[in-house]
Amino acid sequence: VAALLLAISGYRPEPWAGALSILRGACDVRVWPDAGDPADIRYALAWKPPHGLLAGFPKLEAIFSLGAGVDALMRDPTLPAVPVVRYVDPDLTGRMREYVALHVLAHHRRMLDYAAQQHSRLWRELPQPAAREVRVGVMGLGVLGQDACVALAMLGFQVAGWSRTPKKVAGVACFAGAEQLAPFLARTDILVCLLPLTPETEGILNMRLFRLLARDGALPAPVVINAGRGGLQNEADILAALKGGVIGAASLDVFAEEPLPDTSPLWGHPRVILTPHNAAWSSPEACARAVVRQIKAHQNGAPLAHVVDRSLSY
Ligand SMILES: NC(=O)c1ccc[n+]([C@@H]2O[C@H](COP(=O)([O-])OP(=O)(O)OC[C@H]3O[C@@H](n4cnc5c(N)ncnc54)[C@H](OP(=O)(O)O)[C@@H]3O)[C@@H](O)[C@H]2O)c1
């Protein structure tokens, strides 16, 4: 029987080990640091494992990431040259759909303004465009980005998406590559970032990009929503863009440093909605089910799905 190593930093392993008990018979689940004989381990399910840890298992056949993003794994220079599998599951996709719809609607319906007015007991209607008058742009047309686009189109927004390679999504204006980034931004009032963090995308949400957002929208100023990774955003630029009116508001779920330091001015900013990197939480049960499906298929000789392209880091 092959063994699966559960290696997690920052979360309690118990719920995961419990969820993985459905592997019993097919796999012997070991929880790091109690790995037993390293040569037994055929699979690893990992979240931010210490660099070098996974290199210590000579018979490893695949690494399953406990999240959709694999940037932390990719930063380990000693990561074994075995397939790295992203976490993809309708449970995770649905959670991200909720986050995106909530935050796009919150800014569209001017909830930050109404919260401030409520605080001052002020009864005042603000100009309110309809969704069909507002253009949302989603950076990243992968599993999560495409799903978010479809949900936003269903709500009536004019939706566009931007990806590395050209895509076709019904009802969504698709832009691709560096040369189509500017035209994509020029038609975007609310920007949603669902990109992976890679050497190419690091720091992409910066002042230069914010200045390219539409200035002729139906909302008072462009809005930025980032649920990708903190490394995608320049936080000093976000603050400066808010101050200068280059953007009017932001929803941030991810940060350069997590937890966000106490001293960050983002905490108290009246135009920022901040959440603790939980836009789409990986449910141990759903993730374990996805891993079990893949391990069983793999042991029957089927190829693994959602394998990371190591040359692209996503
Ligand atoms: N905050 C949270 O709770 C949370 C939860 C889950 C995931 N996430 C983040 O969401 C990210 C996206 O997840 P996913 O499952 O949708 O990933 P995915 O299926 O791999 O999609 C990634 C998308 O980004 C595009 N892309 C990558 N590099 C690009 C570049 N240089 N320029 C333009 N587009 C580029 C890809 O283009 P192509 O289509 O051309 O390949 C693809 O459309 C994850 O990597 C993770 O960081 C966050």
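It should be emphasised that the depicted structure is a prediction, and the values quoted were computed from it without experimental measurement.

Student: Please provide a residue-by-residue account of the overall build of the chain, values included.
Tutor: Across its full length, the chain carries nine helices and 12 strands. With the principal axes as the frame, the chain shows a C-alpha extent of 65 × 40 × 30 Å. Within the chain, the fraction of its 314 residues that count as buried is 52%. Carbon and sulfur atoms make up 56% of the accessible area of the chain, which amounts to about 14,900 Å² in all. Looking at charge distribution, the chain has the averaged site of its 30 positive side-chain charges lying 5 Å from that of its 28 negative ones.

Student: Any details on the site of the ligand? Residues and values, ideally.
Tutor: In the vicinity of the ligand lie 28 residues, with R86, L141, T165, K167 and Y314 positioned nearest. A280 has a polar backbone atom sitting 2.9 Å from an oxygen atom of the ligand. Of all the secondary-structure elements, those providing two or more residues to the shell around the ligand are α5 (143-154) and β7 (158-163). Classifying every residue of the shell around the ligand by side-chain character gives 14 nonpolar, eight polar and six charged.

Student: Outline the nonpolar core, supporting the account with residue identities and numerical values.
Tutor: Grouped together as the largest cluster of nonpolar side chains are 30 residues, with contacts concentrated most on M139, F184, L205, L209 and F210. Broken down by secondary-structure element, the contributors of at least two residues to this core are β7, α6 (181-186), β9 (190-193), α7 (207-210), α8 (235-243) and β11 (249-252). Those residues in contact with F184 that lie beyond four places of it in its chain are G137, V138, M139, A160, G161, W162, F175 and L191.

Student: Tell me what's going on with the pairing of strand β1 (residues 2-8), and back it up with residues and numbers.
Tutor: For β1, the buried fraction is high: seven of the seven residues fall into the buried class. Residues A2, L4, L6 and I8 point to one face of β1 and A3, L5 and A7 to the other, with burial holding for every one of them. Here β1 pairs with strand β2 (residues 27-31) via five bridges, running parallel. Each bridged residue has a counterpart across the sheet, and for A2 the counterpart in β2 is C27. Chirality of the crossover, the property in question, places the unit of β1, helix α1 (residues 14-19) and β2 among those that are right-handed. Pairing of β1 with strand β3 (residues 41-47) involves six bridges; the strand directions are parallel. Following the sheet pairing, L6 is matched in β3 by L45.

Student: Give a description of the sheet that holds strand β5 (residues 84-85) that names residues and reports values.
Tutor: Strand order in the open sheet formed by five strands is β2-β1-β3-β4-β5, with parallel pairing between adjacent strands. One side of each edge strand has no neighbouring strand; the edge strands of this open sheet are β2 and β5. Looking at chain direction, β3 and strand β4 (residues 62-65) are connected through four bridges and run parallel. In the sheet register, A44 faces β4, and the bridge partner there is I63.

Student: So what's going on with the pattern of salt bridges? Residues and values would help.
Tutor: The final tally for this structure, using the stated rule, is 13 salt bridges. The salt bridge involving D113 is made with R271; its shortest N-O contact spans 3.0 Å. Here R271 lies in the loop between β11 and β12 (272-274) and D113 lies in helix α4 (residues 111-119), a separation of 158 residues in the sequence. Since its relative accessible area comes to 26%, R271 is described here as partly exposed. We note a salt bridge from D189 to R135, for which the minimum N-O separation is 2.8 Å. Of the two residues, D189 sits in the loop between α6 and β9 while R135 sits in strand β6 (residues 135-139), which places them 54 residues apart along the sequence. Owing to a relative accessible area of 4%, D189 belongs among the buried residues under this scheme. Look at the salt bridges and you will find they share partners, linking D28, R30 and D40 into a network.

Student: Mind laying out the packing of helix α3 (residues 90-108) against α5, listing which residues take part and the relevant values?
Tutor: The geometry of α3 relative to α5 is characterised by a closest axis approach of 9 Å and an angle of 50° between their N-to-C directions. Between α3 and α5, the interaxial angle falls into the category oblique. By crossing handedness, the relation of α3 to α5 is classed as right-handed. Only V143, L144, D147, A148, A151 and L152 of α5 make contact with α3, whose side of the interface consists of L92, T93, M96, R97, V100, A101 and V104.

Student: Now, about the packing of aromatic side chains: what can you tell me, with residues and values included?
Tutor: Evaluated as defined, the whole model comprises two aromatic pairs. On the basis of an interplanar angle of 40° and a centroid distance of 6.2 Å, the ring pair of Y43 and F64 is categorised as tilted. In this pair, Y43 is assigned in strand β3 and F64 in strand β4, connecting sequence segments 21 residues apart. According to the relative accessible area criterion, F64 is buried, its value standing at 2%.

The rules we used
- Residues numbered from 1 in each chain as written.
- Predicted model: local features only at pLDDT ≥ 70, side-chain atom pairs only at ≥ 80, totals over all residues.
- Heavy atoms only, no water.
- Helix = DSSP H or I, 4+ residues; strand = E, 2+ residues; numbered from the N terminus.
- Buried < 20%, exposed > 50% of the residue type's maximum accessible area, 1.4 Å probe, protein only.
- Areas by Shrake-Rupley, 256 points an atom, 1.4 Å probe, with all protein chains shown as cover.
- Lys, Arg positive; Asp, Glu negative; His and termini not counted.
- Charge placed at Lys NZ, Arg CZ, Asp CG, Glu CD.
- Near = heavy atom within 4 Å.
- Polar contact = N/O pair within 3.5 Å; in protein donor to acceptor, adjacent residues only side chain to side chain.
- Nonpolar A, V, L, I, M, F, W, Y, C, P; charged D, E, K, R; others polar.
- Core = buried A, V, L, I, M, F, W, Y, C linked by side-chain atoms within 4.5 Å.
- Contact = heavy atoms within 4.5 Å.
- Pairing = 2+ DSSP bridges.
- Right-handed = clockwise from strand over helix to strand, strands pointing away.
- Salt bridge = Lys/Arg side-chain N within 4 Å of Asp/Glu carboxyl O.
- Axes fitted to C-alpha atoms, helices over the stretch in contact; angles between N-to-C directions.
- Parallel < 35°, antiparallel > 145°, perpendicular 65-115°, else oblique.
- Left-handed = near helix turned anticlockwise from the far one by under 90°.
- Phe/Tyr/Trp six-rings, centres within 6.5 Å; stacked < 30°, edge-to-face > 60°.

No statement about biological role is implied by the geometric values presented.
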